[in-house]
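# Observations on the three-dimensional arrangement
Residues per chain are reported as follows:
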Amino acid sequence: MTFDLCVPAFNEAPIISASLTRIRKSLETMADLDWRIILVDNASTDGTAAVANALNDVRVVVTRTETKGKGAAIVHAASTSEAEVFGFIDADLSADPDDLAQLLSVLAMNEADVVIGSRLLNSGLVERGLARTFTSRVFNILRHLLLGVRVEDSQCGLKAMNASAREILSSCKETGWFLDMEFLARAERAGMRIREVPVHWREDVFHGRESKLRLVRDALGAVIAMVRIRNRLS
């Protein structure tokens, strides 16, 4: 099975080398998997791409888009991929890359078209503040009401899909954090089989790295994005 894993990165020079090395270690344990990592530098100003290129790893493809936003980076990679399976993971590795194995296993057995990690199915695997967990649950209620997306955790940064679902991802318009919502809404409308699996989650894998998320700002942005996506799909 061929597999492309996208790692979107904006100003991640301090951690990107360790992040890619850690992901590589996880992928190397998976037998019969022909994989590559696509590092998409989305308009970084700190030399993220140069640090990644310095690894001189033939399995790491480094590319760049001048459009800022995680969504833009992922769509860029999905649009150029020809692999049987495509996935993405956040550069900060809050989602454990070792859990990729269970996502890929579900796809290999043709039990789903899209497999997404969830932080809400098994709280024993998750190290996360109560405020963010509460915010996620409120977010999910609003998302279900406005978009009808039925999954428990749409925003976990670990997802994998088959080629048909990747085509849907490539058509998405959201350039920022809320690409996941648009993708899942489109996938549900297209009749894609979506499966959630519990994953390990820890938000301080790289000590000293400041999160780019802001609860108040992003909560408001999420509601605006939901309305925007609903209007786009209707």
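For clarity, every value in this text was computed on a predicted model and none was experimentally measured.

### Re the nonpolar core
Within the largest apolar cluster, 36 residues are counted, with the highest numbers of intra-cluster contacts made by Phe3, Val7 and Leu27. Elements supplying a minimum of two residues to this core: strand E1 (2-9), helix H1 (16-27), strand E2 (34-42), strand E4 (85-89), helix H4 (100-108) and strand E7 (158-162). It is H4 that provides the largest number of residues to this core, a total of 5 residues. If you look at the next biggest cluster of nonpolar residues, it comprises 33 residues, including Phe139, Ala165, Ala185 and Ile229.

### Points about the pairing of strand E3 (residues 60-65)
Taken together, the 6 bridges between E2 and E3 define a ladder with parallel strand orientation. Note that in E3 the partner of Leu39 across the bridge is Val62. Taken together, E2, helix H2 (residues 48-53) and E3 constitute a β-α-β crossover, and its handedness is right-handed.

### A look at the environment of Leu55
Relative to the assigned elements, Leu55 resides in the loop between H2 and E3. The spatial distance from the C-alpha of Leu55 to the C-alpha of Thr21 is 8.9 Å, given a sequence separation of 34 residues. If near-sequence neighbours (up to four positions away) are discounted, Leu55 is found in contact with Ser17, Leu20 and Thr21.

### Considering a nonpolar patch on the surface
On the surface, Phe134, Val138, Ile141, Leu142, Leu145, Val223 and Val227 cluster together into a nonpolar patch covering about 620 Å² of accessible area. When residues of the nonpolar patch are traced back to their parent elements, those giving at least two are helix H5 (130-147) and helix H8 (215-233). Ranked by residues supplied to the nonpolar patch, first place goes to H5 with 5 residues. With respect to the element layout, Val138 can be found in helix H5.

### As for the pattern of salt bridges
A full pass over the atoms with the stated rule returns 22 salt bridges. Across the salt bridge formed by Asp180 and Lys159, the nearest N and O atoms sit 2.7 Å from each other. Taken as a pair, Asp180 in helix H7 (residues 179-189) and Lys159 in strand E7 lie far apart in primary sequence, 21 residues in all. The class of Lys159 is buried, set by a relative accessible area of 0%. Here Arg232 and Glu182 are joined by a salt bridge, their closest N and O atoms 3.1 Å apart. Of this pair, Arg232 sits in helix H8 while Glu182 sits in helix H7, and the two are 50 residues apart along the sequence. Residue classification places Arg232 among the partly exposed residues on the basis of a relative accessible area of 32%. Within this structure, Glu174, Glu182, Arg186, Arg228 and Arg232 form a network of salt bridges that share partners.

Calculation notes
Residues numbered from 1 in each chain as written. Predicted model: local features only at pLDDT ≥ 70, side-chain atom pairs only at ≥ 80, totals over all residues. Heavy atoms only, no water. Core = buried A, V, L, I, M, F, W, Y, C linked by side-chain atoms within 4.5 Å. Buried < 20%, exposed > 50% of the residue type's maximum accessible area, 1.4 Å probe, protein only. Helix = DSSP H or I, 4+ residues; strand = E, 2+ residues; numbered from the N terminus. Pairing = 2+ DSSP bridges. Right-handed = clockwise from strand over helix to strand, strands pointing away. Contact = heavy atoms within 4.5 Å. Patch = residues over 30% accessible without salt bridge, like charges linked within 9 Å, V, L, I, M, F, W, Y side chains within 5 Å. Areas by Shrake-Rupley, 256 points an atom, 1.4 Å probe, with all protein chains shown as cover. Salt bridge = Lys/Arg side-chain N within 4 Å of Asp/Glu carboxyl O.

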